[in-house]
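Examining the three-dimensional arrangement
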Amino acid sequence: MTDMDQPSTPGADLPDHPDFLWRNPDPKPSYDVIIVGGGGHGLATAYYLAKNHGITNVAVLEKGWLAGGNMARNTTIIRSNYLWDESSGIYEHSLKLWEGLAEDLDYPILFSQRGVLNLAHTLQDVRDSVRRVNANNLNGIDAEWIDAQGVKELCPIVNISPDVRYPVLGATYQPRAGIAKHDYVAWGYARRASDMGVDLIQDCEVQGIDIVNGRVVGVQTSRGPIRAGKVALCGAGHSSVLADMAGIRVPLQSHPLQALVSEILQPVHPTVVMSNAVHVYVSQAHKGELVMGAGIDSYNGYGQRGSFHIIEDQMSAAVELFPIFARAHVLRTWAGIVDVTPDASPIVGLTEVEDLYLNCGWGTGGFKATPGVGSCFAHTVAHGRPHPYNEPFTLDRFTTGALVDEHGAAAVAH
Amino acid sequence: MQLIPCPWCGPREEVEFHYGGQAHVAYPAAPADLSDREWAEYVFFRDNPKGLFAERWVHSTGCRRWFNAIRDTGTHDFRAVYRPNEPKPVIS
């Protein structure tokens, strides 16, 4: 008689559940700071509030589950090769934090500095790219211009034939750029924030923002009212909905942004390749899937899905650039909701409502900024004034005209 | 593919259309009198609701005419389409 013949309770012999990474508390009646939105930015802000400023009576309110929005949907590209000084400041600050983040969080985030190529396909692309390389170098950011042959050497599967619709004329290259494992980043922040006393409250939708005499005093949620000394909005694609609750008008339009992965393949793609002109950006995840992003769908939408013809355009661009992808199969596609500003730069700072802080407008590029904006936004909330790195990114700039136009460096592929 | 009901041509595939953003945004009546804040409002600020939204579309590869639509931004469902000279329909 073997063990197979013994009746047993299904699951009885399984090991215990591993330790949970964070507590799952009920909301308290009151907090010093409430962060609305439990995505990457909200969790990072909570972590740096606790770590850098000693503020731990903090709640992160998330209407769904932690990091289930854009943090779960982005293509994980991390780089800092933006054109303007203001952008270089905050994105390079972020990249430097990424370089020490696994150690800081004591958690693996699989940050892989495999470099990013931003392809140029037209003479104007080439001129803009060389200008951006020069601007990056002046700001102390690693960047170089490489020709088509150099692109081929870094990423042998790129088709550099001149006989295609959009030939590769060269690329900017940032060697320190790369990718990270998005879920691990969120979990790492959540674990450490929770350890330091931050309450991460899921399934708790903010439905109203209480303002008395021009000062925020709390929020109404699906789990009841919660009082707050300060409220910090990290609502990403839903930032307009949150701002409307506070009577604040923000110059955002929310669009679906689609991405997809292939089936798992052998390592074929050693770096990250982005092309604004043909609307595709590709890397290969640690596990082996090709991860590709598209351009945004043109219309406003909150549905977390987009139109199929966008995927078709993206795939046709990908197959022209990488002919071997023609035989790969799409495993799944999805969309996240991105909040896009008129100048493709974020809005991070104070609002007309006292003690209410706004972090939004990251559009298609919020993931790479997670540590950078988390630390700067925490500083802003803790001190009631912006950190120098987010000082240029005011809501007021749309009135004063001091825009930070990053359409060239951000464009489709932020 | 999603079908969009052009008020002149009837339902056609989405790829025939281009999006035009929020509808009923009038050019300022007295532009010289506008403050910077009012100019910012006209140039940069648009509604961004989750739910019903009155917006412009153009049937680029069809009749090439503009029209307005009321669409649910949560579901992408077109609830009504109407021509520019027609009033905005009331939808509950």
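Residues numbered from 1 in each chain as written. Chains lettered and ligands numbered in written order. Predicted model: local features only at pLDDT ≥ 70, side-chain atom pairs only at ≥ 80, totals over all residues. Heavy atoms only, no water.

1. Here's the deal with the overall build of chain B
Tallying secondary structure elements over chain B gives 1 helix and 6 strands in all. Seen in sequence order, chain B has helices and strands lined up from the N terminus as β-β-β-α-β-β-β. The principal-axis extent of the C-alpha atoms belonging to chain B is close to 45 × 25 × 25 Å. Looking at chain B residue by residue over its 92 residues, the buried ones come to 36%. Put simply, of all contacts in chain B between residues at least 6 apart along the chain, 43% involve residues at least 24 apart. Considering chain B, the positive charge centre built from 11 side chains and the negative charge centre built from 12 side chains are found 5 Å apart. (Helix = DSSP H or I, 4+ residues; strand = E, 2+ residues; numbered from the N terminus. Buried < 20%, exposed > 50% of the residue type's maximum accessible area, 1.4 Å probe, protein only. Contact = heavy atoms within 4.5 Å. Lys, Arg positive; Asp, Glu negative; His and termini not counted. Charge placed at Lys NZ, Arg CZ, Asp CG, Glu CD.)

2. A few points about the pattern of salt bridges
Pairs can form between side chains of opposite charge whenever their charged atoms are close. Within this structure, the stated rule accounts for 16 salt bridges over all chains. Across the salt bridge formed by B:Glu55 and B:Arg71, the nearest N and O atoms sit 2.4 Å from each other. Remark: B:Arg71 occurs in strand E5 (residues 66-72) and B:Glu55 occurs in strand E4 (residues 52-58); sequence separation between them is 16 residues. Here the salt bridges share partners, and the residues they tie into one network are A:Glu92, A:Lys96, A:Glu99, A:Asp142 and A:Arg176. (Salt bridge = Lys/Arg side-chain N within 4 Å of Asp/Glu carboxyl O.)

3. Describing the sheet that holds strand E6 (residues 77-82) of chain B
Residue and element names in this part refer to chain B. Pairing in this open sheet of 4 strands is antiparallel, and the strands run E3-E4-E5-E6 from one edge to the other. Only two strands of the sheet have a single partner each, and these edge strands are strand E3 (18-22) and E6. Strand after strand, the sheet turns through a mean of 35° between neighbouring axes, direction not considered. (Pairing = 2+ DSSP bridges. Axes fitted to C-alpha atoms, helices over the stretch in contact; angles between N-to-C directions.)

4. Section: the sheet that holds strand E12 (residues 253-264) of chain A
All names here are of chain A. The strand order across the open sheet formed by 8 strands is E5-E6-E4-E13-E14-E15-E12-E16, and the pairing between neighbours is mixed. If you trace the sheet from one side to the other, it starts and ends with strand E5 (144-147) and strand E16 (330-340), each paired once. Neighbour-to-neighbour, the strand axes of this sheet turn through a mean angle of 20°, independent of strand direction. Bridge count for strand E4 (residues 116-120) against strand E6 (residues 170-174) is 5 bridges, and the pairing is antiparallel.

5. Quick word on the packing of helix H1 (residues 40-53) of chain A against helix H9 (residues 370-383) of chain A
All names here are of chain A. It is at 7 Å that the axes of H1 and H9 come closest, and there the two elements cross at 55°. Overall, the two elements H1 and H9 adopt an arrangement that is oblique. You can see that H1 and H9 cross each other, and the crossing is right-handed. Residues Gly40, His41, Ala44, Thr45, Tyr48, Leu49, Asn52 and His53 of H1 form the contact with H9, whose own contacting residues are Thr370, Pro371, Val373, Gly374, Ser375, Phe377, Ala378, His379, Val381, Ala382 and His383. (Parallel < 35°, antiparallel > 145°, perpendicular 65-115°, else oblique. Left-handed = near helix turned anticlockwise from the far one by under 90°.)

6. Describing helix H8 (residues 308-321) of chain A
Residue and element names in this part refer to chain A. With 14 residues, H8 ought to run about 20 Å at 1.5 Å a step, and its terminal C-alpha atoms sit 20 Å apart, in line with that. Residues His309, Ile310, Ile311, Gln314, Met315, Ala317, Ala318 and Leu321 constitute the buried set of H8. The elements touched by buried residues of H8 are E4, E12, strand E13 (272-275), strand E14 (280-284), strand E15 (289-296) and E16. (Expected span 1.5 Å × (residues − 1).)

7. Points about the interface of chain B and chain A
On the chain A side, the residues contacting the 22 residues of chain B number 25 residues. Taken as a group, B:Phe44, B:Phe45 and B:Asn48 account for 31% of the area that chain B buries against chain A, more than any other trio of residues on that side. Across the contact surface, chain B and chain A share 2 salt bridges. In this structure, A:Arg249 and B:Asp47 form a salt bridge, with 2.8 Å as the shortest nitrogen-oxygen distance. For the pair chain B and chain A, the number of links is 14 residue pairs in polar contact (both at pLDDT 80 or more). For the side of chain B that touches chain A, the secondary structure elements donating two or more residues are helix H1 (36-44) and E4 of chain B. With 5 residues, H1(B) is the largest single contributor of residues to the side of chain B that touches chain A. Grouping the amino acids of the side of chain B that touches chain A by side-chain chemistry returns 9 nonpolar, 5 polar and 8 charged. (Buried area = accessible area lost by both parts, 1.4 Å probe. Polar contact = N/O pair within 3.5 Å; in protein donor to acceptor, adjacent residues only side chain to side chain. Nonpolar A, V, L, I, M, F, W, Y, C, P; charged D, E, K, R; others polar.)

8. What about the confidence of the model for chain B?
Considering every residue of chain B, the mean pLDDT works out to 97; 100% of them sit at 70 or more. The ipTM for the predicted assembly is 0.96, set against a pTM of 0.95. (pLDDT = per-residue confidence, 0-100.)

9. A look at the environment of A:Trp187
Residue and element names in this part refer to chain A. By the secondary structure assignment, Trp187 is in helix H6 (residues 182-195). Classification of Trp187 as partly exposed rests on a relative accessible area of 31%. Between the C-alpha atoms of Trp187 and Ile109, which are 78 residues apart in sequence, the distance is 9.1 Å. Those residues in contact with Trp187 that lie beyond four places of it in its chain are Leu21, Trp22 and Tyr107.

10. Observations regarding the environment of B:Gln22
All names here are of chain B. With respect to the helices, strands and loops of the structure, Gln22 is situated in strand E3. In this structure the C-alpha to C-alpha distance between Gln22 and Ile4, which are 18 residues apart in sequence, comes to 17 Å. Setting aside residues up to four positions removed in sequence, Gln22 forms contacts with Arg46, Asp47, Phe53, Ala54, Glu55 and Arg56.

11. Brief notes about the side chain of A:Arg132
All names here are of chain A. Residue placement: Arg132 occurs in helix H4 (residues 123-138). Glu406 is the oppositely charged side chain nearest to the buried, salt-bridge-free Arg132, at an N-O distance of 6.7 Å. At a separation of 3.0 Å, a polar atom in the side chain of Arg132 contacts the main-chain carbonyl oxygen of Asn81. Contacts of Arg132, omitting those with residues within four sequence positions, involve Asn81, Tyr82, Leu83, Asn118, Thr172 and Ala409.

12. Re unusual backbone geometry
At A:Thr76, a position not held by glycine, the phi torsion is positive, near 65°. In this structure, A:Ala236 is a non-glycine residue whose phi angle is positive, near 45°.

13. Focus on the nonpolar core
Residue and element names in this part refer to chain A. Ranked by internal contacts, the top residues of the largest apolar core, which has 50 residues, are Ile35, Trp98, Val185 and Tyr189. At the level of elements, strand E1 (30-36), H1, strand E2 (58-61), helix H2 (85-99), helix H3 (101-105), H6 and H9 are the ones that each hand at least two residues to this core. The element best represented in this core is H1, accounting for 7 residues. Setting aside its immediate chain neighbours within four residues, Ile35 contacts Gly42, Thr45, Ala46, Leu49, Val58, Ala59, Val60, Leu61, Ala232 and Cys234. (Core = buried A, V, L, I, M, F, W, Y, C linked by side-chain atoms within 4.5 Å.)

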